[in-house]
Amino acid sequence: MIVTRSWLNEWIDLSGISTEDLAKTFNAIGLEVDRTHSYEIPKKIIVGKVLECEKHPDADKLNVCKVDIGTSIRQIVCGASNVREGLDVVVATIGAVMPSGVVIKPVKLRGVESEGMICSASEIGLEDCQKGIIELDSSIGKYELGQEVYTLDAFSDDLIEIELTANRGDCLSIRGVARDLSAAYDRPLKETNINEDEDRRVGIGRILSLSHENHLDVNLRYRAVDLKDLQLPFIVKLRLAQIEDTRETDIEALMLYVTHSSGVILRAYNYGFFCAENETMAKVELKKDDNGYASIMSHEKASTVGIIQEEASKVTYDEGTVLIEASYIPPDIISKKMQESKMEAGPMYYRTSRGSEPELNQGLDFCLNLIESNSNSSVFGGTIELCDSYEDKIVSVTKKEIDEIIGAEIDKVKITKILRNLGFGTTKSSSENFVISVPRFRHDITNRQDIVEEIVRLVGIDNISSKPFIFAEESKLQDDYFAYKKRSIYRHKAAQSGFFENVAFVFDEKKVLVEYGFETINEDLELLNPIVNTLDTLRPTLLTGLLKAASQNVKNGIASVKLFEVGSVFSPLREESLKMAFLFSGDAQKENLSNAGKPHKVDFALFTQKISDIIGEFELRQYETSHLLSHNYQSAELLQNGEVIGELFRVHPNVEESYNLEATFVCELDFVKLPYGLKTAKKSSKYQASFRDLSVIMPKDMSYETVKNVIQASATDELIRFYPVDKYSDETLGENMSLSIRFMLQSNEKTLEEEDITSSMDAILEALKNELGIGLR
């Protein structure tokens, strides 16, 4: 995007701001400056006026001119084809050093004295903007004869070329760039004053009608001009040369100039193109073409909105009625359509696809004002327009969010000024909350982060104090991770205790499960298409699968089988739960020297100890299972912290025989109830512990749990734990038996003396005698 300082100054007051500061500001606000160029007109090049112009007596292509240079009248021979009487020109006087290095001196050209040179634009260091010499006019501002040209802003100008990112289509115009400077410098945009006397004008409705299809997502406005004697101002020609763009006709060149200046996409149409034969009313039709593009139609296509204008509809005449069209189409729509169905694009497609100015009247009024100021044309009153429906995007953001994202505190008043100068609508729903309406020309703004980015680039990244990064985030470990971790820990503990993991389907054989008394899935919830007949239901237990696996291992010659499995089981209503099961069958250990090659078989105590090694301390309570897998006299339920977590038992001999197994013990636990979490450290005594064994005579049919409950209720603070170590019965005891219980006593305050220990034991014995009627052997 190319801008010049004087051009920007028409939209925003840049007084007191140097071009160097301007370039720094552009870079600071994200409009990267690609290059700058200063036009430096040499001294002794002044404004003059051609008073007389006659043909050279000895040269057909030369003219002898009398030129008023303010202080005197000089005779200058000029070969330009456009030199004529009454023209204001640029004159290089005697002694001027031209940019090419040529020094102007008095000379004779074909025998005629010449005191100076009437200059073209390229001869004084400007772009070649017109054929022949410069024709000065009021478009460059006020000037006087004899005034040094370098003092005129239009000549001593600075050109700045800006590199724009793809999302900044709103800055593809002088007005758009000035809008960003308005926010950066907190200076208002200059508004173009248009004086219209609509009452004296012929209404456009008398010469033009517009018909259209619905839902085309385009905005159109039409004005009409009776064009006559249009002369492009010098400043327009110069600036078009500076942006390196030209058009074939003056009216097309004017459309380009206004588009580059205002950002509004303008087109000039041949009025007669839309008139049928023998009719004076032009009829414009807007509809989709065969490829789905919104197109301006008459007897044939005039243009595709936002993409290209057909040659037949362009203005090729200097006098006559001209239709001026201003258009806007959302860039995302036109770009997407072009990707779907590519077609040839005109020079304005780049602007349209990046985002043009939707405020169409602003561009149209600016254009018509230029036409009226530089011609004898008359403008028709009113507009013919088509508007699409559009709702402003609303973004809400709090002051706190802005400060947190930026990492610095920005004043609320400054934030409001920046956003308003950029064209955003701002309201405060509360003292800390901004409700921001995004202008349509900023299609790239969609969320609060975009709003904050606008604030940052206008505040200036260099003006925000640097702070060290603080990395803080919430734990990403969710319940599923902890469930996996718990499962992994228990699997590893089981493996460390010598158990091998069994992996099986969640299916089982319904016939076997029913035979052993397990509840199976309700009929209406059963599997419709089991993979095989022996896997025709969802398993309610892991135990039958472990028994099958153990049987297979025995058949393969494994004498000591230790298996475990963690997996899902299902209730009759197909409610899923997680279980962990263990199986120990056959020899308690491998054959070795210590057992003389004849190892003992696994027993209840050994299996219980193995389970304790894996899940920690637990209690056993006499228990009768609801199924038929268990031994009648070797089954118990497991408790941890007073809660039942599963069952442990020896497999019934009949079941062992059916699976060809020797002594086999199994345990199935509710995996969810197994302890998992942080280990809590508890205070332990530094004083010596004392142990005492008591042997009490009790009935054989009295359960240990009954005795345990009485001991717990009567225990003193010094009793740490107790457990049975032996039981004995003989004929002399009859229906009674002797149970030996070991007590561990310890104090946190002192080493216990014999008197303390005896007192604790006496309290327990007295409770056993009073409540159960039992005592020492």
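Residues numbered from 1 in each chain as written. Predicted model: local features only at pLDDT ≥ 70, side-chain atom pairs only at ≥ 80, totals over all residues. Heavy atoms only, no water.

A. View of the side chain of T537. Considering the arrangement of structural elements, one finds T537 in strand β26 (residues 537-538). At 2.8 Å, the side chain of T537 and the side chain of E526 are in polar contact. The residues touching T537, leaving out its near neighbours within four places in the chain, are V506, F507, D508, E509, K510, L513, I521, E526 and L527. (Helix = DSSP H or I, 4+ residues; strand = E, 2+ residues; numbered from the N terminus. Polar contact = N/O pair within 3.5 Å; in protein donor to acceptor, adjacent residues only side chain to side chain. Contact = heavy atoms within 4.5 Å.)

B. Fine view of the packing of helix α5 (residues 250-262) against helix α8 (residues 360-373). Axis separation between α5 and α8 bottoms out at 10 Å; the angle between their running directions is 135°. As summarised for this structure, α5 and α8 are arranged oblique, according to the angle between their axes. Seen from above, α5 lies across α8 with right-handed handedness. Residues I251, L254, M255, Y257, V258, S261 and S262 of α5 form the contact with α8, whose own contacting residues are Q362, G363, F366, C367, L370 and I371. Across the contact of α5 with α8, the residue classes break down as nine nonpolar, four polar and no charged. (Axes fitted to C-alpha atoms, helices over the stretch in contact; angles between N-to-C directions. Parallel < 35°, antiparallel > 145°, perpendicular 65-115°, else oblique. Left-handed = near helix turned anticlockwise from the far one by under 90°. Nonpolar A, V, L, I, M, F, W, Y, C, P; charged D, E, K, R; others polar.)

C. Focus on a negative patch on the surface. A cluster of acidic residues, D226, D229, D250, D318 and E319, forms a negative patch at the surface. You can see D226 is positioned in strand β12 (residues 219-227). The exposure class assigned to D226 is partly exposed, which follows from its relative accessible area of 34%. (Patch = residues over 30% accessible without salt bridge, like charges linked within 9 Å, V, L, I, M, F, W, Y side chains within 5 Å. Areas by Shrake-Rupley, 256 points an atom, 1.4 Å probe, with all protein chains shown as cover. Salt bridge = Lys/Arg side-chain N within 4 Å of Asp/Glu carboxyl O. Lys, Arg positive; Asp, Glu negative; His and termini not counted. Charge placed at Lys NZ, Arg CZ, Asp CG, Glu CD. Buried < 20%, exposed > 50% of the residue type's maximum accessible area, 1.4 Å probe, protein only.)

D. Representation of the sheet that holds strand β16 (residues 301-304) in the model. Ordered by their spatial adjacency, five strands build an open sheet running β11-β14-β15-β16-β17, and the pairing between neighbours is mixed. Edge strands, defined here as strands with exactly one partner in the open sheet, are β11 (208-212) and β17 (308-309). The pairing of β16 with β17 spans two bridges and is antiparallel. Note on β17: the bridge partner recorded for S303 is Q309. (Pairing = 2+ DSSP bridges.)

E. Geometry of a nonpolar patch on the surface. The grouping of L477, Y481, F482, Y484 and Y676 at the surface amounts to a nonpolar patch, some 500 Å² of accessible area in total. What makes F482 partly exposed here is its relative accessible area of 34%.

F. Geometry of the environment of H652. Structurally, H652 is set in the loop between β31 (643-651) and α16 (653-658). Residue classification places H652 among the buried residues on the basis of a relative accessible area of 19%. A C-alpha to C-alpha distance of 9.5 Å links H652 and Y633, two positions 19 residues apart in sequence. Excluding residues within four positions of it along the chain, H652 makes contact with L628, L629, S630, H631 and N632.

G. Examining the nonpolar core more closely. The biggest cluster of nonpolar side chains holds 105 residues, and the ones touching the most others in it are L8, F26, I45, V90, I124, F155 and I406. Contact partners of F155, with chain neighbours within four places excluded, come to Y39, I41, V90, I124, L126, I134, L136, I140, V149 and F234. Core analysis: the second largest hydrophobic core is formed by 31 residues, I204, V218, C275 and A282 among them. (Core = buried A, V, L, I, M, F, W, Y, C linked by side-chain atoms within 4.5 Å.)

H. Up close: the pattern of salt bridges. Going through the model one piece at a time under the given rule, you end up with 44 salt bridges. Between E161 and R35 there is a salt bridge whose closest N-O contact spans 2.6 Å. With E161 in strand β10 (residues 158-163) and R35 in strand β2 (residues 32-38), the pair connects residues that are 126 residues apart, well separated along the chain. Residue classification places E161 among the partly exposed positions, given a relative accessible area of 21%. Its relative accessible area of 32% is what places R35 among the partly exposed residues. A salt bridge links R742 to D693; the shortest N-O distance between them is 2.9 Å. Placement of R742 in strand β35 (residues 736-745) and of D693 in strand β33 (residues 690-699) is noted, with a sequence separation of 49 residues between them. Residue R742 is classed as partly exposed on the basis of its relative accessible area of 30%. Residues joined by salt bridges that share partners form a network here, namely R168, D170, D180, R442, D444, E454 and R457.

I. Expanded view of the pairing of strand β4 (residues 59-68). Two strands pair when backbone bridges link them, and strand β3 (residues 45-56) and β4 are joined in this way by seven bridges, in the antiparallel orientation. Along β4, the bridge assignment pairs V50 with V67. The turn linking β3 back onto β4 is made up of two residues. Across six bridges, the pairing between β4 and strand β5 (residues 73-78) is antiparallel. In the strand pairing of β5, D68 is matched with I73. Between β4 and β5, which pair antiparallel and follow one another directly, the connecting turn spans four residues, one of which, G70, has a positive phi of 95°.

J. Summary view of the packing of aromatic side chains. What the rule picks out here adds up to 15 aromatic pairs. On the numbers, 5.5 Å between centres and 75° between planes, the contact of Y481 with F482 is edge-to-face. With a relative accessible area of 33%, Y481 lands in the partly exposed category. Relative to F507, the ring of F505 lies with its centre 6.4 Å away and its plane at 35°, an arrangement referred to as tilted. Looking at F507, the relative accessible area reads 24%, which means it is partly exposed. (Phe/Tyr/Trp six-rings, centres within 6.5 Å; stacked < 30°, edge-to-face > 60°.)

K. Representation of the sheet that holds β31. Sheet architecture is open: seven strands sit in the order β24-β27-β28-β32-β31-β30-β29, paired in mixed fashion. In this open sheet, the two edge strands, each paired with only one partner strand, are β24 (500-501) and β29 (619-622). Taken together, the seven bridges between strand β28 (residues 576-586) and strand β32 (residues 664-670) define a ladder with antiparallel strand orientation. By the bridge assignment, M580 is partnered in β32 with L669. In the packing of helix α12 (residues 479-496) onto the sheet, contacts are made with β24, β27 (560-570) and β28, and the angle to β27 comes to roughly 160°.

L. Region of the structure containing the pairing of β27. Among the eleven residues of β27, ten are classified as buried, and the element is accordingly described as predominantly covered. Relative to β27, β24 is paired through two bridges, and the arrangement is parallel. Within β27, the residue paired with E501 across the bridge is F564. Hairpin connection of β27 to β28: five residues between the antiparallel strands, including R574 at a positive phi of 65°.

M. Region of the structure containing the environment of R247. Summarising the element assignment, R247 is placed in the loop between α4 (234-242) and α5. In sequence terms R247 and P653 are 406 residues apart; their C-alpha atoms lie 105 Å from each other. In this structure the side chain of R247 is engaged in a polar contact, spanning 2.9 Å, whose partner is the side chain of D245.

N. Just helix α17 (residues 704-714), in detail. All buried positions along α17 are accounted for by V707, K708, V710, I711 and S714. Projected onto a plane normal to the axis of α17, the buried residues spread over an arc of 165° and lie on a single side. Residues of α17 that are buried in the fold lie against β29, β33, β34 (719-728), β35 and α18 (754-772). (Arc of directions from axis to C-beta.)

Distances and angles like these do not, on their own, reveal function.
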